[in-house]
Amino acid sequence: MVVTKPAVRKRNQLDRDTDLKQPVEVDDNGKMKSRITQSPKQFAITLLHVKIISIITVIAAAIRFYRITQPDSVVFDEVHFGGFASQYINREFFMDVHPPLAKMMIAAAGYFSGFDGVFSFEKIGMSYVDDAVPYVSMRLLSAVLGWLLVPIAYFTLRAARCSHATACLGALLIHPWFSSQQ
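It should be emphasised that the depicted structure is a prediction, and the values quoted were computed from it without experimental measurement. For every chain, the first residue of the written sequence is number 1, and numbering continues from 1 onward in sequence order. The model is predicted, so local features are restricted to residues of pLDDT at least 70 and side-chain atom pairs to those at 80 or more, both for listing and for counting; the totals for chains, interfaces and linings are taken over all residues. Here the side-chain values reflect all heavy atoms present in the structure, with hydrogen atoms and water set aside.

(A) Quick peek at the UniProt feature "transmembrane region" (unreviewed entry) in the protein chain. UniProt positions are given in the numbering used here, feature names are shortened, and annotations may be inferred rather than shown by experiment. In the UniProt entry, the feature "transmembrane region" (unreviewed entry) is given for residues 43–66 and 136–157. Overall, residues 136–157 shows 100% helix and 0% strand. The separation of its end C-alpha atoms is 32 Å. Helical segments are the DSSP runs of H or I of at least four residues, strand segments are the runs of E of at least two, and each set is numbered from the N terminus.

So this is what it looks like as structure tokens:
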């Protein structure tokens, strides 16, 4: 249905090239129809795109999981996250200003892999081997979530109607090459 009434300029609804004196298409409710000029084919994901993001994701997995067992001692953030995981498993009260979800997930990974919460995580360099701490499963949780973030970033950007190149750039910026979590 085409109506010849003057268009009312609403925020983000019309672009600069829109002639406001032209007839405006409206739907049955009187709302202006979208004037998207980009075709849906422009944002289709082709087999080539899937192959490229798959390669980026496989490389991310290889980098995230490479030597995940080393060192076999406490490293920087494990002092904090491991300590909180021990306290969650032992049901000890503690106060922390940060949201608890990540610490609770690491505690769950440790609990389900047999961690009893006895290891103290007091200082960097303490050996996991002596106390048989399942540190690899606790590290795997963070590695898997970081690895899955690469394709999630790509497909989120594609859903936001970004080009394939922009979405690949976004996925690469999440990639372990550019993160501090190596």
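Picking up after the structure, the text goes on.
(B) Summary view of the packing of aromatic side chains. Pairing of aromatic rings covers Phe, Tyr and the six-membered ring of Trp, with a centre-to-centre limit of 6.5 Å; geometry is then stacked below 30 degrees between planes, edge-to-face above 60, and tilted otherwise. Inspection of the entire model under this criterion finds 10 aromatic pairs. For the ring pair Phe84 and Phe94, a centre distance of 4.9 Å and an interplane angle of 25° mean the geometry is stacked. In this pair, Phe84 is assigned in helix α2 (residues 76–89) and Phe94 in the loop between α2 and α3 (101–112), connecting sequence segments 10 residues apart. For the pair Phe84 and Phe94, a shared accessibility class is recorded, and that class is buried. Ring centres of Tyr128 and Tyr135 lie 4.7 Å apart, and the angle between their planes is 10°; this geometry places the pair in the stacked category. Comparing Tyr128 with Tyr135, the two get one shared label, buried. Working rule: Lys NZ or Arg CZ, within 6 Å of ring centre, within 35 degrees of ring normal, means a charge sits over the ring. The cationic tip of Lys103 hangs over the ring face of Phe81; the distance from NZ or CZ to the ring centre is 5.8 Å. Classification of residues uses two cut-offs on accessible area relative to the type maximum, computed with a 1.4 Å probe and protein chains only: under 20% is buried, over 50% is exposed, and between them is partly exposed.

(C) Looking closely at the pattern of salt bridges. Throughout this description, the term salt bridge denotes a Lys or Arg side-chain nitrogen within 4 Å of a carboxyl oxygen of Asp or Glu. Tallying each qualifying case throughout the model produces 2 salt bridges. In this structure, the salt-bridge partner of Asp96 is Lys103, at a minimum N-O distance of 2.6 Å. Lys103 sits in the buried class, given a relative accessible area of 5%.

(D) Seen up close, the side chain of Arg158. Here Arg158 shows up in helix α4 (residues 135–159). Pairs of N or O atoms within 3.5 Å make up the polar contacts considered here, provided that, within protein, one atom can donate a hydrogen while the other can accept it, and that residues adjacent in sequence are counted only when both atoms are side-chain atoms. At a separation of 3.4 Å, a polar atom in the side chain of Arg158 contacts the main-chain carbonyl oxygen of Cys162.

(E) Molecular detail of α3. Here, expected helix span is obtained from the residue count minus one, scaled by 1.5 Å. The end-to-end C-alpha separation of α3 is 16 Å, in line with the 16 Å expected for 12 residues at 1.5 Å each. Every buried residue belonging to α3 is among Lys103, Ile106, Ala107, Ala109 and Gly110, and all of these are buried. Looking straight down α3, one finds its buried side chains confined to an arc of 160°; they lie on one side. Away from its buried face, by an angle of more than 90 degrees, α3 presents the exposed residues Leu101, Tyr111 and Phe112. Contacts: residue pairs with any heavy atoms within 4.5 Å of one another. Residues of α3 that are buried make contact with α2 and α4. Working note: the arc is built from the helix axis to C-beta atom directions.

(F) Focus on the packing of α2 against α3. The interhelical angle for the contact between α2 and α3, taken along N-to-C directions, is 70°, at an axis separation of 8 Å. Regarding the angle of α2 to α3, the classification is roughly perpendicular. Note that α2 runs across α3; the crossing there is right-handed. Across the interface between the two elements, Phe81, Phe84, Ala85, Tyr88 and Ile89 from α2 touch Ala102, Lys103, Met104, Ile106, Ala107, Gly110 and Tyr111 from α3. Charged means Asp, Glu, Lys or Arg here, nonpolar means Ala, Val, Leu, Ile, Met, Phe, Trp, Tyr, Cys or Pro, and polar covers whatever is left, Gly included. Here the residues of the contact of α2 with α3 sort into 10 nonpolar, 1 polar and 1 charged. To obtain an axis, a line is fitted to C-alpha atoms, over the contacting stretch when the element is a helix, and the angle between two such axes runs from 0 to 180 degrees between their N-to-C directions. Put simply, angles under 35 degrees are roughly parallel, angles over 145 are roughly antiparallel, angles from 65 to 115 are roughly perpendicular, and the rest are oblique. By definition, turning the near helix anticlockwise from the far helix through less than a right angle yields a left-handed crossing, and turning it clockwise yields a right-handed one.

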